[in-house]
Structures are given as C-alpha cells and as structure tokens.
Amino acid sequence: MFAPIFHGYLHWRPATAFMARSRRPASLSRSTGSRDEHIGAEGSRTSAPSRERAADNAGTAAASHLDPVWAERLPLLLVLFVMFMHAVALRTELVVDVPTRNDTMFHLLMVRGASEALANGQNPLDFWIPQLELGFPQFLYYQHLPHVVLAVVHRATFGLVSVDALFHAFRYVLLVGMPLTVLWSMRRLGFSLFASALGAAASVLFVSNNRMGLEYNSYVARGYGLFSQLVAIHLTFVTIATLWTTLREGRGHAAAAASLAALVLSHLLFGVIIAVMSTVLVLLGGERRELPTRALRLAVVGLIAAVVCSYMLIPFVQSSKAWLSTMPWLSQGNGQSARAASRLFTGALFDDGRLPVLTVLALAGLGLAFVVREARTRFVAGGLVICMLLYTLRPDNTWLGWLVPAHTGFVSYRFFSAVGVFAVLAIGITGDAVWRGVSKVAALRGTTGAALVTVASLLWLTPALVERWGYYQEQRDIIDETRRGITSANGLANVLAASDTIGGRVFAGPVKLRACPMHVGPGLCVSDLLNFRGRSTVGNPMQNLSLPSGLIHEIPTGDASVYDLFDVRAVVIESSRAVPAFFQPVVKSGDYALYRVATSGMAQYVGVNGRRATNRQDTLYFAQQAWLDAGGARTRQTTRWDYRSALQAPAMRPLCVQGPRTEREVVTSQSVAVDVRCDAVSRDTFAVALKMAFHPHWQVTVDGAPVTPYLVSPGFLAVDVAAGAHKIEARYRAHPLKLPLFLLGVAALVAAVLWRRVLDAPVRWIS
C-alpha cells in the first residue's frame, strides 16, 4: 500500500519544474472543432486542459511565487513532526505479550489461521476457524486480503518472525505511516504541498468519542482494534486519488482497479462507501459535458476490480444471507441521527472534548468549496455533505436501506469514516486558500512565508497534538498496568498452562461488554488470555458470526448437560468459589483453579423428534434458544431443520440408550474423526451430532461412504448411523469457485497492467 507513496517520492516533481512552467510565455489558444488546443513556447501543439482543470492546479501554481527550494519542502516538516510524535507515542502497539479486549485478538486469530492453512497445504482463502463461536468459515464471508498477505509473508520468511510480531509491526507501520498515504493522495488530487501536508498532519488527530471513524481510538490497543478498517482507510485515500486521475485523464486504469479491488477485499463495507464516493466523483469531478466519459471510465475500472474480487464476492452473495449471522437477538435502533449533524458544528464530531481546531479547518474548507469553483472543491463539498447525510439519516433503518447492497448486514454509521476522509480533503481546501494568500503578500514570499505557515499550522494543531499525546500516554499506562496484572495474578499462569492439556472448549465465565467475573489488570478478562492462547472458549464470543453463536454467551453453572452439549471440558474459576459436584478438580494455584468436566466428546448420540423448515434466521435462532431453555440439552431430543429448503417428510430418530459412546476422537482445525458405538440390537437408525456450527461445506463420510449431513438443534451438524460401531469423518472443504475465480482475477489484473495503454481507447471511441 505504501508502494505508490515511495514511487511518488522517487518521481517527485521538483518546485523548479513549476517555476519553469510559470515563466513560459502565455500560450496562444484556438478552437478546433470540439477540442481545445494550444501552441506552447516550443511551438508544439498539445491538447489543452479545460479552464476548470487549470483552476484545479491553482493551489500548486501558487507555490511558484515562493522560493523553489524551501517553499515546496518546508511544509513536509509538519508531516515529519506528527509522524515522529506518533512513532514515539504508539510504540506500545508493537507489544505482543499483552492481549487486548477488542477486535485485535479476532484479527490476529485470522492471520494465525491463514498461516496455518498455508503450512498444511489448505486453501488460505477459505478455511474453518474452530475458535470462532463453535466454528466458522471466516474468510468465506469476511474481508481478508491483509490477513492473507501477512500469512504469506510469515511463510515466505520461514517463520523467522512470529505471526504476532509481524501483525503488530504491520499495524504500527499503518498507524505511523497514515500521513504519508494522505500526503501522496492529496498531491495526486492536485492540492498544493502545504495543503497536502496540513491534511496529512490532521488525518491522525481526529477524536470523535469512539465513533469508529477516522480517529485512532478505532485502531489502537486501548480502542476498538479495527485492523481491517485501518487498512481500508489507507486504501480509501489511494483509491480516490487513482480514480481521480483515471476518470479525468483516462490513464492509470490498472492502478485504480487494483486499489479499488484491494479496498473491497480489505473491507466489504468500504466497498459500499467507495461506490458512493466514486459516484460523487463522476457527477462533480469535472465538466458536465465530460460526465459520460467519466462514467464509462468508472465502469471499466469497476469491471476489472469486480473480476479481481469475484472469488470473494460471488461465494459471499451465494450464501452469506443464509449462513452469516445477522444477530437477530440484538434490537436494531436508528442511532442518534438527530444530534449527529449538530455535533459537527459544535466540534464534537472531530474535536470531542478539546478546542475545535480540526472542525474550524474543515468547515472553512467546506465554505470555501462553495466559493472556489473548481472540480476538486465541488467533489469534496458534495462528498462531505452526502456522506454526512448518510451517516446522520441512517438509511439502513428505513425503506431506503433496501437500496443498499447487503442491506441486512450494512451499518450506515460506518459512513462516519467517509465523513472523516472528506473532512481531511476539506482541510486541504483551507490549506490551499492559506497558501494562495501567503503567496500574494510580497513580504512573505520565499522561505519566510513557507516557514510562517508551517509554524502557524503546528501551533494551530497543538491542542490536538497535546490531547492525542495524553490519550496515548494513558494507553501506555493501561498496557503497563495490564502487564503487571498478568504477572502478579497469583497462580493464573499455572492454571492456564494446565488448561492447555485438556481438549474441548474452555469456560471462564460470561463476558458482557466490559464486564467479566475475573479481571486481570484494568480491563482484561481471563477469557481474553485463553483466546490469546488459541483456545476455543464459550461465554466470550468474538464476532457472533455463526448462526448459533448467540447461545454461548452464558453457560448455566449448575447444569452439566449444557457443558456436555457445547463440549466444555475445562473451567477456569476463582479458587474460592463453590462449584457443582460434577466439576472435577485438576489444579488449584493461588487465586485460581482449573476443573475438568466429563462430556461425551465432540460427538453425541441424539434423538430427532420433529422436523421444521424455515428461510429466516430469526425464526431458526429463537427456536433454538427456546429448545435450550426448555431443557433440550438434558433430554437430547432435537429438532431437524430444513433451513432454506423445502420441508421433507418427517424422519424421526430414536435416542440410543444402550451404551452410546465415543471410542476414539481426533480433532484438527479442519477435520473431525470419531469412532462411535451404540449397542442397541434393533435395526433402528440413530442420529449422531457433531458439536460444531453447521455449514454446508462440511463433507462427511460414515465408514468411508459419503453421507449428507443435516442441521439439528441447537445448530449442530448431524448424520444418520445404524446400530453398532461406525467411523465418522468430517472435513471442511473450501468453496469450489474460490481458487478458479482467484486465478481469473489475477489474470485480469495482469492483463490490465499489460494493456493499460489501450484500456481508455474504447471509452474515447464511444465518447
């Protein structure tokens, strides 16, 4: 992602080039048909930019009045200072020995899984992650490009650097390097270097009371740990810049398609956001008569990007509505739309709890956009207003939400990130106005003016810098306190080490938001440490993506059948707590204790006493919850579900009561192999449930013969077997279209690079 930045610096157009162009004699213009041409100083005939495009470069041209050596480069000191401050303040992000209570653990688990899949010769684009809420094929439905890239790097370096260290180092580079991405992108958009530097410095200083936007509260250890969004923010700036060049000038199609595809594969919701941004760019990014040309160029870029992303998008569209949980147990509200717009003018959206330094710059840029008639300013103003409306009105909670792709899983509050992106560009408009004003004052031309605006900008941003430094200092204190809490936790290390010797899942108490029964340090839970160690836990779902994930938020302490149902074989609890009789002590060490619970293992004989059909997730989930509340775990009598299929003839299965047992069990991340036995002498057919979330990509054999599994309460996979002993093997298989479509996408991208010079020819011919 930083490649275009370094490429831009290697080919940086020096200030003397702008000076040379500004000293050329005025060109002679003439009209030839519908095309404008001009004769330059050398007498060569070239295609002239429109008056509007010439105006777009006014901010850069203003630099020609200043000293060519310092005026072009002195504002870079502002960017370097902000980057240095963040490099020092965020050094704790390199920590790998302290887990966090946010999405960082979730993303780290994905990178570990992708690396393991590569090591085992499996498809890293679609594999099963057993630690996620009874198991889930995360990459089938979730953006994963940065995770796979890190896994490939880890394997390419032969594991010399751990996955955890590589992951945190990459996050650190993304956090510290954000201003470079913004700087390069704004330069491509035609902003002056001072305006670009001001926007780049401001991009890492937003604070919005944890609204999951551009602010670093969304990404750091103390915040939400939104790793995919951090990557997506970088790619959003890059994609806007490349689309700007392609749509207006007809070049760079391959770069625009690659950045657009990378953005979609890094964050699906940002695919919707960039679709809105690109539509605004088509409508407002140039002269009205060139709108069809821009639309055709966007269609070309979008088609290439769609082919590249097809391996992700097609399987997602095929089955996400069925198997990606919409969390029906959560009530859907319409947010705080009424107060969101007012917060923009009070400063709370960009400068919550401090002087509104960024708000003033952004609003000034928005106001100037309605005065300065340029394509760039129209695009910024239109984008900021539209994204602000989408954020405040929350169309996904109205009938308008049906117009949004994947509307059932779309959350429009994420448009706040787009508001932040356009706010940065609006700050650039303010910076251009300041730069032009300085260039018109004779006494401030040259190094003096450049130094003055750089120092003034630093002073203006000082309240934001001070507030951010304090926030990061508090984060360092929290991490240090957490590390001390882990070290000083009496006996916890021994208990956690002993738990690794017990198979199955682990329960360490229910976690509800920030509340948990066993705290370590200021905000960490024992269950977080178990997740960090790679254990499958219940009571602490990471993402709630599998259909039955809502059922494991809390396990009743005194019901052994529920522990058996979810194959919870280990329980970590305070040593002073009273426990049920079925808890078997393993080790007590200091303040903590580990107990074993006897279960039937990964497989269990169940009865089937009913059959229902539904196409709705909420119907399925609430029926499973009612089954569990009614004691279904004790009776082991389940309901067979024809989910998203027609109801078939009832197929009752009696419960095996003659010595049902599992004689052998081998469980890996991608497979389950069990030897089961029912000593019944009848010729009845029995049902065996595997205690993991059902998904149609599981392929099952019984005694070597393929069978079709089906869904039973509470969302498990089940197969039919006869009496006696049987070998059941289940293995997760990647979507069959994943690899072919991935290769097709690679071929399309390579072809776009090789034929990049002719991609605009059809558009020009049609236009």
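Everything here concerns the structure above.
These notes cover the structure that comes with them. (Residues numbered from 1 in each chain as written. Predicted model: local features only at pLDDT ≥ 70, side-chain atom pairs only at ≥ 80, totals over all residues. Heavy atoms only, no water.)

The next thing to look at is the pattern of salt bridges. According to the stated counting rule, one finds 31 salt bridges in the structure shown. For Arg289, the salt bridge identified is with Glu287, shortest N-O distance 2.8 Å. Since its relative accessible area comes to 57%, Arg289 is described here as exposed. Judged by relative accessible area, Glu287 falls into the buried class, the value being 17%. Arg664 serves as the salt-bridge partner of Asp675, at 3.0 Å between the closest nitrogen and oxygen. One end of the pair, Asp675, is in strand S14 (residues 671-678); the other, Arg664, is in strand S13 (residues 661-667), with eleven residues separating them in the sequence. The exposure class of Asp675 is buried, given its relative accessible area of 12%. Owing to a relative accessible area of 33%, Arg664 belongs among the partly exposed residues under this scheme. (Salt bridge = Lys/Arg side-chain N within 4 Å of Asp/Glu carboxyl O. Buried < 20%, exposed > 50% of the residue type's maximum accessible area, 1.4 Å probe, protein only. Helix = DSSP H or I, 4+ residues; strand = E, 2+ residues; numbered from the N terminus.)

Attention shifts here to the nonpolar core. A general feature of soluble globular proteins is that nonpolar side chains tend to end up buried together. Of all hydrophobic cores here, the largest spans 203 residues; its most connected members are Tyr216, Phe350, Leu358, Phe379, Leu461, Phe566 and Ile728. Apart from the residues within four sequence positions on either side, Phe379 is in contact with Ile240, Trp244, Met277, Val280, Leu281, Leu284, Phe422 and Leu425. Within the second largest apolar cluster, 18 residues are counted, among which are Val495, Ala508, Met518 and Val526. (Core = buried A, V, L, I, M, F, W, Y, C linked by side-chain atoms within 4.5 Å. Contact = heavy atoms within 4.5 Å.)

This part takes up the packing of aromatic side chains. Evaluation of the coordinates by the stated rule reveals 25 aromatic pairs. Ring centres of Phe379 and Phe422 lie 5.4 Å apart, and the angle between their planes is 70°; this geometry places the pair in the edge-to-face category. Of this pair, Phe379 sits in helix H17 (residues 375-393) while Phe422 sits in helix H18 (residues 415-439); the two residues are 43 residues apart in sequence, bridging distant segments of the chain. Neither Phe379 nor Phe422 differs from the other in exposure class; each is buried. Between Phe566 and Phe716, the aromatic rings sit 6.2 Å apart at their centres with planes inclined by 90°, giving edge-to-face as the arrangement. Here the residue Phe566 occupies a position in the loop between helix H22 (560-565) and strand S8 (568-574), and Phe716 occupies one in strand S19 (residues 716-722), the gap between them amounting to 150 residues. Phe716 matches Phe566 in its accessibility class, with the two residues each being buried. We note Arg376 situated over the ring of Phe191; from NZ or CZ to the ring centre the distance is 4.7 Å. (Phe/Tyr/Trp six-rings, centres within 6.5 Å; stacked < 30°, edge-to-face > 60°. Lys NZ or Arg CZ within 6 Å of the ring centre and 35° of its normal.)

Helix H11 (residues 227-249) packs onto helix H9 (residues 163-188) with a crossing angle of 20° between their chain directions and a minimal axis gap of 9 Å. Regarding the angle of H9 to H11, the classification is roughly parallel. Here H9 and H11 pass one another in a crossing that is left-handed. Note on element contacts: H11 touches H9 through Phe227, Leu230, Val231, Ile233, His234, Phe237, Val238, Ala241, Thr242, Trp244 and Thr245, opposite Phe167, Phe170, Arg171, Leu174, Leu175, Gly177, Met178, Thr181, Val182, Trp184, Ser185 and Arg188. Residues that form the contact of H9 with H11 fall into these classes: 15 nonpolar, six polar and two charged. (Axes fitted to C-alpha atoms, helices over the stretch in contact; angles between N-to-C directions. Parallel < 35°, antiparallel > 145°, perpendicular 65-115°, else oblique. Left-handed = near helix turned anticlockwise from the far one by under 90°. Nonpolar A, V, L, I, M, F, W, Y, C, P; charged D, E, K, R; others polar.)

Across a sheet, paired strands are connected by hydrogen bonds in the backbone, their directions being either parallel or antiparallel. If you trace the five strands once around the closed barrel, you get S11-S12-S18-S19-S15, paired in mixed fashion. Between one strand axis and the next, the sheet turns by 55° as a mean value, whatever way the strands run. Where strand S18 (residues 710-712) meets S19, three bridges bridge the pair, whose relative direction is antiparallel. Paired with Leu711 across the bridge in S19 is Leu717. Those strands touched by helix H23 (residues 617-629) are strand S11 (603-614), strand S12 (637-643) and S18, and its axis lies near 175° from that of S12. (Pairing = 2+ DSSP bridges.)

As a further point, take the pairing of S14. With seven of its eight residues buried, S14 lies for the most part within the structure. Pairing geometry for S13 and S14, over six bridges, is antiparallel. Counterpart to Arg664 in the pairing with S14 is Asp675. In this structure, the hairpin formed by S13 and S14 is closed by a connection of three residues.

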